[in-house]
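# Overview (structure and organization)
The residues making up each chain are set out below.
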Amino acid sequence: MSLLATKSSLYATFKSLGLLYLFIAYGLFLDGFYIFSKTDNAQLYANISMLLVFPIVYFKVNKRSREHLIAGVLIGFFGEYLFSVLLGMYTYRLENVPHYIPFGHALVYLAVLYFSKAASIIKHRKKIETFLAIFIFIYAIVFLIFRFDVFGFVMTMATLYILRNKPRERLFYLTMYVSVAYLEIIGTSLLCWEWPPIAWDVIPFLPSHNPPSGISLFYFLLDLGCLWVYKKRYKITWLRMKNIRKIRENKTVVTN
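What you are looking at is a predicted structure, and each value in this text was computed from that prediction instead of being measured.

A separate point is the overall build of the chain. Helices and strands together make up the secondary structure of the chain, namely 11 helices and 4 strands. The proportion of buried residues among the 256 residues of the chain is 47%. Taking the contacts inside the chain whose residues are at least 6 apart along the sequence as the reference set, 73% of them involve residues at least 24 apart. Carbon together with sulfur atoms contributes 69% to the accessible area of the chain, which is approximately 14,300 Å² in total.

Bringing the nonpolar core into the picture now. Counting 65 residues, the largest nonpolar core has F54, M89 and W193 as its most contacted members. Sort the elements by how many residues they give to this core and helix 5 (residues 100-117) lands first, with 13 residues. Setting aside chain neighbours within four positions, we find F54 in contact with L69, V73, F103, A106 and L107.

With that settled, consider the packing of aromatic side chains. The relation between two aromatic rings is expressed through the spacing of the ring centres and the mutual angle of the planes. Under the criterion given, the structure shown has 17 aromatic pairs. A ring pair is formed by Y21 and Y182, whose centres lie 4.5 Å apart and whose planes are at 20°; its orientation type is stacked. With Y21 in helix 1 (residues 9-30) and Y182 in helix 9 (residues 170-189), the pair connects residues that are 161 residues apart, well separated along the chain. Residue class for Y182 comes out partly exposed when judged on its relative accessible area of 25%. Plain terms: the ring middles of F131 and F135 are 6.4 Å apart, the flat faces sit at 20° to each other, and that makes the pair stacked. Remark: F135 and F131 occur in helix 7 (residues 125-147); sequence separation between them is 4 residues, near one turn of the helix. With a relative accessible area of 55%, F131 lands in the exposed category. Here the aromatic cluster, defined as three or more aromatic residues joined through ring pairs, consists of F131, F135, Y139, F143 and Y177.

We now examine helix 4 (residues 63-86). In a regular helix each residue adds 1.5 Å, so 24 residues correspond to 34 Å; helix 4 covers 34 Å between its end C-alpha atoms and thus fits that length. Of the positions making up helix 4, those classed as buried are S65, E67, H68, L69, A71, G72, V73, G76, G79, E80, F83 and S84.

This part covers the pattern of salt bridges. Within this structure, the stated rule accounts for 3 salt bridges. Among the ionic pairs, E129 bridges to R125, the shortest N-O distance being 2.9 Å. With E129 and R125 both in helix 7 and 4 residues apart, this pair spans about one turn of that helix. For E129, a relative accessible area of 5% puts it in the buried group.

In this structure, strand 3 (residues 198-199) lies alongside strand 4 (residues 203-207), joined through 2 bridges in antiparallel fashion. Within strand 4, the position partnered with I198 by the bridge is P207. In this antiparallel pair of consecutive strands, strand 3 and strand 4, the connection spans 3 residues, and W200 shows a positive phi of 55°.

Following both chains from N to C, one finds helix 4 and helix 5 inclined at 135°, their axes separated by 7 Å at the closest point. Here helix 4 is positioned oblique relative to helix 5, judged by the angle of their axes. Handedness of the helix 4/helix 5 crossing: right-handed. Packed against helix 4, whose contacting residues are S65, H68, L69, G72, V73, G76, F77 and E80, the element helix 5 presents I101, P102, F103, H105, A106, L107, Y109, L110, L113 and Y114 at the interface.

This part is about unusual backbone geometry. For the bond running from N210 to P211, omega is 10°, close enough to zero to count as cis. With respect to the helices and strands, the residue P211 is situated in the loop between strand 4 and helix 10 (216-233). You will see that W200, though not glycine, has its phi angle at about 55°, which is positive. Its place among the elements puts W200 in the loop between strand 3 and strand 4.

What follows concerns helix 7. In a regular helix each residue adds 1.5 Å, so 23 residues correspond to 33 Å; helix 7 covers 32 Å between its end C-alpha atoms and thus fits that length. Within the sequence span of helix 7, burial applies to R125, I128, E129, L132, I136, Y139, A140 and F143. Of the surrounding elements, those touching the buried residues of helix 7 are helix 6 (119-122), helix 8 (150-163) and helix 9.

What counts and how
Residues numbered from 1 in each chain as written. Predicted model: local features only at pLDDT ≥ 70, side-chain atom pairs only at ≥ 80, totals over all residues. Heavy atoms only, no water. Helix = DSSP H or I, 4+ residues; strand = E, 2+ residues; numbered from the N terminus. Buried < 20%, exposed > 50% of the residue type's maximum accessible area, 1.4 Å probe, protein only. Contact = heavy atoms within 4.5 Å. Areas by Shrake-Rupley, 256 points an atom, 1.4 Å probe, with all protein chains shown as cover. Core = buried A, V, L, I, M, F, W, Y, C linked by side-chain atoms within 4.5 Å. Phe/Tyr/Trp six-rings, centres within 6.5 Å; stacked < 30°, edge-to-face > 60°. Expected span 1.5 Å × (residues − 1). Salt bridge = Lys/Arg side-chain N within 4 Å of Asp/Glu carboxyl O. Pairing = 2+ DSSP bridges. Axes fitted to C-alpha atoms, helices over the stretch in contact; angles between N-to-C directions. Parallel < 35°, antiparallel > 145°, perpendicular 65-115°, else oblique. Left-handed = near helix turned anticlockwise from the far one by under 90°.

Take a look at the structure:
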């Protein structure tokens, strides 16, 4: 059964986000405190796990999705060394960039993309967007009140503000926010990485929790990078899609 064409929203959710979340929990557990308290090879086990799963996903998806994966990995490597190593925005347990992390970024991107493009999910798009927006707002408020997470709250509000005029991208980015929040909570709880008490460890008027609630704002750079690669790789297809979109919008205006 095709994930994108299935009429079951539960099936689409499990095959995309469900499997992703299970693998995130498993992979981070291998690099987490329970394993590294017993062996020095915890991160190696997590890397091996990713190198076994990533090729399976790569060869199961279509050509364009494979290109998204490759772009995601490359952008992930660049982003990790920029934000973690150079800017010190967060620090991994061994003060390096684990090899599994950039590949994980690509898998998160693809799973969220497949979820947001599934026909059964699009059918309930408005309800899902409303639910996610309310959940995200409450999530950020709770972190602000009980964890004094000003940095995360500011990023969350910036995310919601940007998405108010992005109806086509809204479902994707709201889902990305929740997915990133999930992996950040798992990763920091297992001591795989740590965020400093203030933004970038240098801005005192932006206190931050570990992790900050709205950190998915920076993941959007990965998403935009993958989209840019797609536009450059398939210029004709992209222009055709934009023209079709304009025709549909014009028809809607005339009908109304």
